[in-house]
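Fold and contact review
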Amino acid sequence: MSLNFKSQLQNLDGIYAALFSAAEIIYAELKKGAGLKFATSSNESGDDQIELDVIADEAFFDALKRDGNVRYVVSEERPGLNKVSDGRYSVALDPLDGSKSALVGIPSGAIFGVFENAEVAKDFNGKNIVSGGFFVFGMNLEAYFADGDKVYKGIFNQDTSEWKVLPIEGGLPSADVLAINGQNQMVWDAWLQAHYADLLDTHNGTTKPHNMRWYASMVSDMKRMVLQGGLFVYPRANIKGYEEGKLRLVYEAIPMAFLIAAMGGSSTDGDQSLLDLPVETLHQKTAVFIGEKSKIERVEAAKRNHA
Ligand SMILES: O=P(O)(O)OC[C@H]1O[C@](O)(COP(=O)(O)O)[C@@H](O)[C@@H]1O
Ligand SMILES: [Mg+2]
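Reading the values: the criteria
- Residues numbered from 1 in each chain as written.
- Chains lettered and ligands numbered in written order.
- Predicted model: local features only at pLDDT ≥ 70, side-chain atom pairs only at ≥ 80, totals over all residues.
- Heavy atoms only, no water.
- UniProt positions renumbered as here; feature names shortened; annotations may be inferred.
- Helix = DSSP H or I, 4+ residues; strand = E, 2+ residues; numbered from the N terminus.
- Pairing = 2+ DSSP bridges.
- Contact = heavy atoms within 4.5 Å.
- Axes fitted to C-alpha atoms, helices over the stretch in contact; angles between N-to-C directions.
- Domains from an automatic or database assignment.
- Salt bridge = Lys/Arg side-chain N within 4 Å of Asp/Glu carboxyl O.
- Polar contact = N/O pair within 3.5 Å; in protein donor to acceptor, adjacent residues only side chain to side chain.
- Nonpolar A, V, L, I, M, F, W, Y, C, P; charged D, E, K, R; others polar.
- Parallel < 35°, antiparallel > 145°, perpendicular 65-115°, else oblique.
- Left-handed = near helix turned anticlockwise from the far one by under 90°.
- Near = heavy atom within 4 Å.
- Areas by Shrake-Rupley, 256 points an atom, 1.4 Å probe, with all protein chains shown as cover.
- Donors = N, O, S within 2.8 Å, 3.2 Å for Na, K, Ca; no water.

1. Focus: the UniProt feature "domain: Fructose-1-6-bisphosphatase class 1 C-terminal" (unreviewed entry) in the protein chain
- If you check UniProt for "domain: Fructose-1-6-bisphosphatase class 1 C-terminal" (unreviewed entry), the listed places come out as residues 176-302 in our numbering.
- Along residues 176-302 the backbone is 36% helical and 13% strand, and the end-to-end C-alpha distance reaches 17 Å.

Put into structure tokens, the structure is as follows:
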């Protein structure tokens, strides 16, 4: 592999090299069709795993443990903090996001966040993240990430094994596109039911309602967001298992919120930015709203003003 990228942050290049090389391994396995069946195991959170979940977790872990700047690795697939060295950075991972979608050929990917000086779970918060983003395992192997305040897109050339990483300029685009799974809408909070209806309302035919897109693969929905704009939502619902939504704060919500914030967008759990939320446990879930600033302001106002 060859990676033409230099971080603006100190001692982060080895971590990027590890992440990008692991992504190559996972993508190669996926293309072979390896691991695309349910495993006999489940992960830390009790989710069913496919075999590629385990392959992906091991690929990232093996690559990161060779870098002396990695202190801890946190993974959706592992229980706690996994100590690597006394380095300055810790890496939180969803090693295979969208695994159930991968089973039917929809692009999956991996999500990563790099946190500074983390020692306990609560340190994996939006104040300490210095790099965050995701890989997409689709038609191509791609990366979208924020290195500090700068945002990049990387594409892997499968013939030469070279990554080409280029800055993304111009901020977050704008589009009236809503990515949401409406399955639980009967048991969403009342304010969200009202706001959802408002986003889809034609306002007597004078305004085009939001268009709907849902891959059930966060990396794919967020790739659309980075390239076209919009609003991504995974809300909480008043039903067992969804009381705090589905997505994980540390290795799904915060890295994505960090990337979109670096592009000029924002995020909320309904009340406050995902980057300001206190972290209590490594695997905690949160309601997630990420997207254009004006759309996030509308979400928070809808909740605040709901009678
Ligand atoms: O199946 P649902 O409720 O539509 O959930 C889809 C969401 O779950 C996820 O697949 C996360 O789960 P995994 O990381 O276990 O694959 C997200 O990528 C996606 O946004
Ligand atoms: Mg995930």
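Past the structure itself, the notes keep going.
2. Quick notes on the sheet that holds strand 4 (residues 70-75)
- If you walk across this open sheet you meet the 9 strands as 1-11-10-9-8-7-6-4-5, and the pairing is mixed. A strand with exactly one partner marks an edge of an open sheet, and here the two such strands are strand 1 (2-3) and strand 5 (82-83).
- Here helix 6 (residues 249-262) sits on the sheet in contact with strand 4, strand 6 (89-97), strand 7 (108-116), strand 8 (129-137), strand 9 (141-147) and strand 10 (150-157), set at roughly 100 degrees to strand 8.

3. Some words on the domain arrangement of the protein chain
- Here the protein chain is described as being made up of domain 1 (2-167) and domain 2 (177-305).
- If you average the C-alpha positions of domain 1 and of domain 2, the two centres end up 23 Å apart.
- A salt bridge links K223 to E142; its shortest N-O distance comes to 3.1 Å.
- Counting every contact that joins domain 1 to domain 2 gives 10 residue pairs in polar contact (both at pLDDT 80 or more).
- Listing elements by their share of the side of domain 1 that touches domain 2, those giving two or more residues are strand 4, strand 6, strand 7, strand 8 and strand 9.
- It is strand 8 that provides the largest number of residues to the side of domain 1 that touches domain 2, a total of 8 residues.
- Residues of the side of domain 1 that touches domain 2, tallied by class, amount to 22 nonpolar, 14 polar and 10 charged.

4. Considerations on the packing of helix 4 (residues 190-200) against helix 7 (residues 293-305)
- The geometry of helix 4 relative to helix 7 is characterised by a closest axis approach of 9 Å and an angle of 135 degrees between their N-to-C directions. By the angle between their directions, the pair helix 4 and helix 7 is classed as oblique. Between helix 4 and helix 7 the crossing geometry is right-handed. Where helix 4 approaches helix 7, its residues W191, H195, D198 and L199 are matched on the opposing element by R298, V299, A302 and K303.

5. Remarks on the site of ligand 1
- Around ligand 1 sit 15 residues, and of these D97, G98, M218, Y234 and K246 come closest.
- Here an oxygen atom of ligand 1 sits 3.0 Å away from a polar atom, N or O, in the side chain of D94.
- The side chain of K246 places a nitrogen or oxygen atom 2.9 Å from an oxygen atom of ligand 1.
- Against a free-state accessible area of 480 Å², the protein chains account for coverage of 86% of ligand 1.
- Taken together, the elements giving at least two residues each to the shell around ligand 1 come down to strand 6 and strand 14 (231-234).
- In terms of residues, the shell around ligand 1 owes the most to one element, strand 6, which gives 3 residues.
- Class assignment of the residues belonging to the shell around ligand 1 gives a composition of 6 nonpolar, 4 polar and 5 charged.
- Residue assignment places the shell around ligand 1 across two domains, with domain 1 (2-167) and domain 2 (177-305) each supplying three or more.

6. Topic: the coordination of the magnesium ion (ligand 2)
- Within the protein, the magnesium ion (ligand 2) binds to D94 (OD), D97 (OD) and E252 (OE); these donor distances fall in the range 1.8 to 2.0 Å.
- Spacing between the donor residues of the magnesium ion (ligand 2) along their common chain follows D-x2-D-x154-E. Linking D94 in strand 6 with E252 in helix 6, this pair joins segments that are 158 residues apart in sequence.

7. Side note on the UniProt feature "binding site: Mg(2+) 2" (unreviewed entry) in the protein chain
- As annotated in UniProt, the feature "binding site: Mg(2+) 2" (unreviewed entry) corresponds to D94, D97 and E252 in the numbering used here. Spatial clustering of the annotated residues is evident: they stretch over 159 residues in sequence, but the largest pairwise C-alpha distance comes to 8.7 Å.
- Look past the residues within four positions of D94 in its chain and what remains in contact with it is E76, A110, I111, Y251 and E252.
- With respect to the secondary-structure elements, D97 resides in strand 6.
- Those residues in contact with D97, other than ones at most four positions away along the chain, are S108, G109, A110, I111, S217, M218, V219 and E252.
- A distance of 3.1 Å separates the side chain of D97 from the backbone nitrogen of M218, its partner in a polar contact.

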